[in-house]
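Notes for the structure review
Residues per chain, in single letters:
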Amino acid sequence: MQQKLSAARRLRGTIQVPGDKSISHRAVLFNALAEGNAEITGFLPGADCLSSIACLRQMGVVIEQSGATVRVFGRGLRGLQEPADVLDCGNSGTTLRLLAGLLAGQPFLSVLSGDASLRSRPQGRIVGPLRALGAQLDGRDNGQRAPLVIRGTTIHGGAYELPIASAQVKSALLLAGLTGDAPMRLTGKIASRDHTERMLTAMGIDLAIGPDALLLHPPIHPVFPYPLSLHVPGDPSSATFWWVAAAIHPDSAITTLGVGLNPTRTGALDVLRAMGADITVTNERLEGAEPVGDVTVRGAGLRGTRIDGALIPRLIDEIPVLAVAAAHAVGETVVADADELRAKETDRIATVVGELRALGAQLDPTADGMVIAGGGELHGAAVKSHGDHRLAMALAVASLVAEGETVIDEAEAVSVSYPTFWADLAALRG
Ligand code: S3P
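Residue positions within a chain follow its written sequence, with the count starting from 1. In keeping with the predicted nature of the model, local features appear solely for residues at pLDDT of at least 70, side-chain atom pairs appear and are counted solely at 80 or more, and the whole-chain, interface and lining totals rest on all residues. Hydrogens and water are ignored here; the side-chain numbers use all heavy atoms of the structure.

Some details on the site of the ligand
- Every residue close to the ligand is listed here: Lys21, Ser22, Arg26, Thr94, Arg97, Ser166, Ala167, Gln168, Arg193, Ile316, Asp317 and Lys344.
- In the analysis that follows, any N or O atom pair within 3.5 Å is treated as a polar contact, provided that within protein one partner can donate a hydrogen and the other can accept it, and provided that, for residues neighboring in sequence, both atoms belong to side chains. Separating an oxygen atom of the ligand from a side-chain N or O atom of serine 22 is a distance of 2.7 Å.
- In this structure, an oxygen atom belonging to the ligand sits 2.6 Å away from a side-chain N or O atom of arginine 26.
- Exposure was quantified through the Shrake-Rupley algorithm and a 1.4 Å probe, taking into account, for residues, occlusion by the shown protein chains and nothing else. If the ligand stood free it would expose 380 Å²; the protein chains cover 95% of that surface.
- Think of a 1 Å grid over the protein atoms and nothing else: a 1.4 Å probe that fits but is trapped marks a cavity, an open set flanked by protein within 12 Å on at least five of seven lines marks a pocket, and residues with an atom within 4 Å of a point count as lining. The rule for placing a molecule in a cavity or pocket is simple: more than half of its atoms must lie within 2 Å of the grid points. Taken atom by atom, the bulk of the ligand overlaps the largest pocket.
- Taken together, the elements giving at least two residues each to the shell around the ligand come down to α1 (21-32), α3 (93-104) and α7 (167-178).
- Secondary structure elements are taken from DSSP: a helix is a run of H or I of four residues or more, a strand is a run of E of two residues or more, and numbering for both begins at the N terminus. When residues in the shell around the ligand are grouped by element, the largest group, three residues, is from α1.
- Residues that form the shell around the ligand fall into these classes: two nonpolar, four polar and six charged.
- Counting contributing residues per domain, the shell around the ligand is built from domain 1 (2-19 + 233-429) and domain 2 (21-231), each supplying no fewer than three. One heavy atom suffices: a residue is near a molecule or strand as soon as one of its heavy atoms comes within 4 Å of it. Three classes are used: nonpolar for Ala, Val, Leu, Ile, Met, Phe, Trp, Tyr, Cys and Pro, charged for Asp, Glu, Lys and Arg, and polar for all others, with Gly counted as polar. Residue ranges assigned to the domains are those given by an automatic or database domain assignment.

Points about the nonpolar core
- Grouping buried Ala, Val, Leu, Ile, Met, Phe, Trp, Tyr and Cys residues that are joined through side-chain atoms within 4.5 Å yields what is termed a nonpolar core. Relative accessibility under 20% of the residue-type maximum defines a buried residue, over 50% an exposed one, and the middle range a partly exposed one, all with a 1.4 Å probe and only protein chains included. Membership of the largest hydrophobic core comes to 75 residues, with the highest contact counts inside it found for Trp242, Leu272, Ile319, Leu356, Met370, Phe421 and Trp422.
- Counting residues per element, this core draws most heavily on helix α9 (residues 236-248), at nine residues.
- With 66 residues, the next largest nonpolar core counts Val28, Cys49, Val127 and Leu178 among its residues.

So, the pattern of salt bridges
- For this document, the term salt bridge refers to a Lys or Arg side-chain nitrogen within 4 Å of an Asp or Glu carboxyl oxygen. Counting across every chain of the model gives 22 salt bridges.
- With a closest N to O distance of 2.7 Å, arginine 306 and aspartate 308 form a salt bridge.
- Classification of arginine 306 as partly exposed rests on a relative accessible area of 47%.

Things to note about the domain arrangement of the protein
- As assigned here, the protein comprises domain 1 (2-19 + 233-429) and domain 2 (21-231).
- One C-alpha centre belongs to domain 1, the other to domain 2; they are set 29 Å apart.
- The contact definition used throughout considers only heavy atoms, calling two residues in contact when any of these lie within 4.5 Å. Contacts between the two partners involve 25 residues from domain 1, matched on the other side by 24 residues from domain 2.
- Accessible area that two parts lose when put together, evaluated with a 1.4 Å probe and summed over both, is termed the buried area. On the domain 1 side of the interface with domain 2, the three residues burying the most area are Arg265, Glu345 and Val416, jointly 24% of the side's total.
- Taken together, the connections running from domain 1 to domain 2 amount to two salt bridges.

Remarks on the packing of aromatic side chains
- Each aromatic pair joins two rings of Phe, Tyr and Trp (for Trp, the six-membered one) with centres within 6.5 Å, and gets the label stacked for planes under 30 degrees apart, edge-to-face for over 60, and tilted for any other angle. Applying the stated criterion to the full structure yields six aromatic pairs.
- Arranged with centres 5.0 Å apart and planes meeting at 80 degrees, the rings of phenylalanine 421 and tryptophan 422 form a pair that is edge-to-face. Note on accessibility: phenylalanine 421 and tryptophan 422 belong to one class, buried.
- Through a chain of ring-to-ring contacts, the aromatic side chains of Phe241, Trp242, Tyr418, Phe421 and Trp422 assemble into a single cluster.

Structure (structure tokens):
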């Protein structure tokens, strides 16, 4: 599907962005293991989270889903059934990696696969540490790529030092540890989104969270994990498309309601503030285990900045659209320490640089990021998403300040994380 877009005269409105993708996955996956039933509202009915639901159903979990409302009938930590076929994770790295951990300690065989993008992504990052805990799993390319085959076995506790800041790897290990025969201690790069820690703790799991270590005691008593009914906050990664759209447009005011403001996810807000964006946060509150608030952004002149170091895990998914903000800003922006971008749905260093260049932006790839010379005029062009949802939306945001028509190919990719993106964009243009 193609989307044809032109510059917006103005951008105004209030948007309820869809539910957080990371929290939606965890809400169904963890409640499937719970001793009881849970109701989830605000769930993201995007293709990625629907892949998690489909895989769980293949293992006997009853899940009723109607739009953003989901009921999960938990089967307990040891109640899943061997799936009769390959578990298809679609485009979803979170589904595949969290399930790999969850299934490592289940007493049956399972096979995890997905689309061409997912089958090309690195899985050694979970296969290696899961094997170190005693898991028996393998994959193509010496355990580097899916399909992955998991022969469930007893998981041992012990200590593991995380070499990369990845919430998917951290979560896979914690899920494996839930069925382990001894406590598990994780150290190293544990600073990444912490939704797993918050949710497991809220479900009664004994997880001690320190600044440098996580210590998990597998539950002994079969009442754990408790089921957890929750309302999923709006996804800050989705809201960032509107924050950048408002920040780069001279005649704009966009409010996003009920967005997650977990500090492990708000790096994009910090960067936009450093660039000079006009941002107001109101109505800050706690919803369950997660902080949320309403965020309003108005057009303002932006200047270049540096995005690196500890900021990177707090905004890794927002870099494609932050590159659009940087292309519009005055001065240079440097993105560094972000080699993880190469392991996403596409190699986002290559695809972001290539497609933004087609729109007239001046930027160069580096080994671990990109250098963007901001301030030039963008012009419409034929571009493509490469099947990457976040690239499709970043290009749409760029088109709002580009002269002439922009045609985005493979625009349907937005359905992975933001199925109503095109409708919300039309509403904001008025
Ligand atoms: C996610 C973690 C991040 C992120 C992805 C979702 C999660 O990936 O990019 O979109 O839900 O745990 P990594 O853990 O690989 O950094």
